Amino acid sequence: MKRFVVPLGAFALLVIVLAVGIFNAPRNGSKVIVSPLLGKPAPAFTLPKLIDVGQQLDAGVLRGGWHLVNIWGTWCGECRAEHETLLQIKREGRVPIVGIDWKDDDAAATTWLSQLGNPYETVAADRDGRVAIDWGVYGAPESFLVDPRGIVVEKQTGGMTMEDWQKKFLPHLGTGSAAGSKAGA
Amino acid sequence: MRSSASTRRRWFARLTLAAAAVAWATASLAVDNTPPLPDPAMQQRYLGLTHEFRCMQCQNEALADSNVSLAGDLRMQVHDLLLAGKTDDQIRDYMVARYGEFILFRPRMNLHNAWLWAAPGVLLLAGLGIAVRVMKQRARLPIDDEEPPDTPPRA
């Protein structure tokens with residue numbers, strides 16, 4: 001009997017290691033990748049504003065209040081599906097949304113916002129996609145929650161639903177009232 | 001009958017040739033339209049790097065082989081970083097800082113995966129240890145599997 005202790009123990013250990021691996025594996029394949037940006041300062045950028053032509057938007061607007069940074073484009077189908085959620089978040093009024101229009105046609109983007117409604121406090125145009133690279137974006141839409149110190153605390157890859165917003169993002173904000181912002185449109 | 005068979009064979013040969021030509025032509029249609037780097041050594045490094053980064057949108061393709069728009073942007077970024085005089089390791093760090101270790105097809109050793117690298121060596125040593133112990137134990141056993149002395153000789 002004693003001679004089985006070591007092999008059985010080794011086998012049990014192997015089963016445990018494999019079980020932990022299987023149960024910790026990401027669901028639905030490995031599509032969602034944890035962003036290395038979480039817990040780090042939001043990448044700096046200076047981009048032209050989409051609507052207020054001639055003005056620049058600087059990453060400095062993200063300081064001093066909570067912000068949701070949303071990367072989108074009119075060429076992106078899922079962004080259209082997500083749009084209603086963004087409008088709802090805007091109506092909720094707790095966090096201003098800063099849009100980064102990724103590799104898009106300015107005119108198409110402006111039309112999109114005037115037809116579907118504009119959930120953004122301000123929108124910047126990342127025409128050559130360099131800023132999206134700094135944010136580690138690989139599939140629009142992507143949304144980042146940035147805290148008042150300018151640290152990225154949460155990320156959504158792909159379209160956001162109200163459920164995602166309430167379960168993943170809102171808990172970060174605590175129970176305080178509307179987060180202030182000085183970004184200006 | 002015979003002539004029709006040879007005609008068929010000739011047609012088959014022509015078709016094969018045509019298919020080969022089409023295949024060759026598509027293979028030579030490059031996905032990568034980033035302008036080449038001025039220095040051949042640098043271009044070589046560019047090719048090496050773009051083949052070792054993953055395309056984040058089509059995750060089993062290398063940056064070099066993907067025609068997704070983001071892959072094109074990232075190739076351009078590698079191109080520009082090389083021109084700016086960055087080393088290969090600096091460019092790898094640049095990509096990992098943005099997209100995570102997942103962008104590397106060849107994962108680097110770190111604290112989280114060190115056990116994975118060590119495991120084969122540790123297991124080999126453990127196996128050797130067990131083998132040596134078993135052999136020593138066996139060597140101490142009396143030899144009792146010899147044929148009994150009263151067995152009649154074989155024919």
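Everything quoted here is computed from the prediction, not taken from an experiment.

**Q** In this structure, what is going on with the overall build of chain B? I would like to understand it.
**A** Of the regular secondary structure elements, chain B holds five helices and zero strands. Taken from N to C terminus, the helices and strands of chain B fall in the order α-α-α-α-α. Split into buried and exposed, the 155 residues of chain B put 14% on the buried side. Within chain B, contacts between residues separated by at least 24 positions form 47% of all contacts whose residues are at least 6 apart in sequence.

**Q** Would you explain helix H2 (residues 40-52) of chain B in this entry?
**A** What sets the pattern is the α-helix's 3.6 residues per turn: residues three or four places apart point alike. Residue and element names in this part refer to chain B. With 13 residues, H2 extends 19 Å between its outermost C-alpha atoms, agreeing within 8% with the 18 Å of an ideal straight helix rising 1.5 Å per residue. Along H2, the positions that sit buried rather than exposed are Tyr46, Leu49 and Thr50. End-on view of H2: buried residues confined to an arc of 95 degrees, all on one side of the axis. Residues of H2 that are exposed and angled more than 90 degrees away from the buried face: Pro40, Ala41, Gln44, Gly48 and His51. Looking at the buried side of H2, the elements it contacts are helix H3 (69-83) and helix H4 (88-99).

**Q** Just to check I follow, could you spell out the nonpolar core for this structure?
**A** Burial of nonpolar side chains together is a common tendency in soluble globular proteins. Within the largest apolar cluster, 56 residues are counted, with the highest numbers of intra-cluster contacts made by Ile71 and Ala132 of chain A. Among the elements that take part in this core, H3 of chain B stands out by supplying five residues, more than any other. Excluding residues that lie within four positions of it along the chain, Ile71 of chain A makes contacts with Ile100, Trp102, Ala132, Trp135, Val137, Ala140, Pro141 and Glu142 of chain A.

**Q** Honestly, the pairing of strand S3 (residues 67-72) of chain A in this entry has me stumped. Any pointers?
**A** Both faces of the sheet carry side chains from a regular strand, because those side chains alternate between them. Residues and elements named next belong to chain A. Counting buried residues in S3 gives six out of six residues, a clear majority hidden from the surface. Burial along S3 is two-sided: the face carrying His67, Val69 and Ile71 and the face carrying Leu68, Asn70 and Trp72 are both buried. When S3 meets strand S6 (residues 142-146), the two strands line up antiparallel, connected through five bridges. Paired with Ile71 across the two strands is Glu142, which belongs to S6. As paired strands, S3 and strand S4 (residues 97-102) are joined by five bridges and run parallel to one another. Of the residues in S4, the one forming a bridge with Val69 is Val98.

**Q** Please explain the interface of chain B and chain A as it appears in this structure.
**A** Interface size is commonly expressed as the accessible area that is lost once the parts come together. With 13 residues of chain B in contact, the opposing surface of chain A contributes 11 residues. Broken down by element, the residue count for the side of chain B that touches chain A peaks at five residues, all from H3 of chain B. Classifying every residue of the side of chain B that touches chain A gives seven nonpolar, four polar and two charged.

**Q** Sorry if this is basic, but what is going on with H3 of chain B here?
**A** In a regular helix each residue adds 1.5 Å, so 15 residues correspond to 21 Å; H3 of chain B covers 21 Å between its end C-alpha atoms and thus fits that length. Within the sequence span of H3 of chain B, burial applies to Leu70, Ala71, Leu74, Arg75, Gln77, Val78, His79 and Leu82 of chain B. Residues of H3 of chain B that are buried make contact with helix H4 (130-134) of chain A together with H2 and H4 of chain B.

**Q** Whenever I open this one, the sheet that holds S6 of chain A confuses me. Can you help?
**A** The strands making up a sheet are joined through hydrogen bonds of the backbone, oriented either antiparallel or parallel. All names here are of chain A. Strand order in the open sheet made by the five strands is S5-S4-S3-S6-S7, with mixed pairing throughout. Every other strand in the sheet has two partners, leaving strand S5 (122-126) and strand S7 (152-157) as the edge strands with one partner each. Strand-to-strand, the axes of this sheet are offset by a mean angle of 20 degrees, without reference to chain direction. In this sheet, S5 lies alongside S4 in parallel orientation, the contact comprising five bridges. Paired with Trp102 across the two strands is Asp126, which belongs to S5.

Cut-off values and rules
- Residues numbered from 1 in each chain as written.
- Chains lettered and ligands numbered in written order.
- Predicted model: local features only at pLDDT ≥ 70, side-chain atom pairs only at ≥ 80, totals over all residues.
- Helix = DSSP H or I, 4+ residues; strand = E, 2+ residues; numbered from the N terminus.
- Buried ≥ 20, exposed ≤ 12 C-beta atoms within 10 Å, placed from the backbone.
- Contact = placed C-beta atoms within 7 Å.
- Expected span 1.5 Å × (residues − 1).
- Arc of directions from axis to C-beta.
- Core = buried A, V, L, I, M, F, W, Y, C linked by C-beta atoms within 7 Å.
- Pairing = 2+ DSSP bridges.
- Nonpolar A, V, L, I, M, F, W, Y, C, P; charged D, E, K, R; others polar.
- Axes fitted to C-alpha atoms, helices over the stretch in contact; angles between N-to-C directions.

These figures come from the coordinates and say nothing about function on their own.
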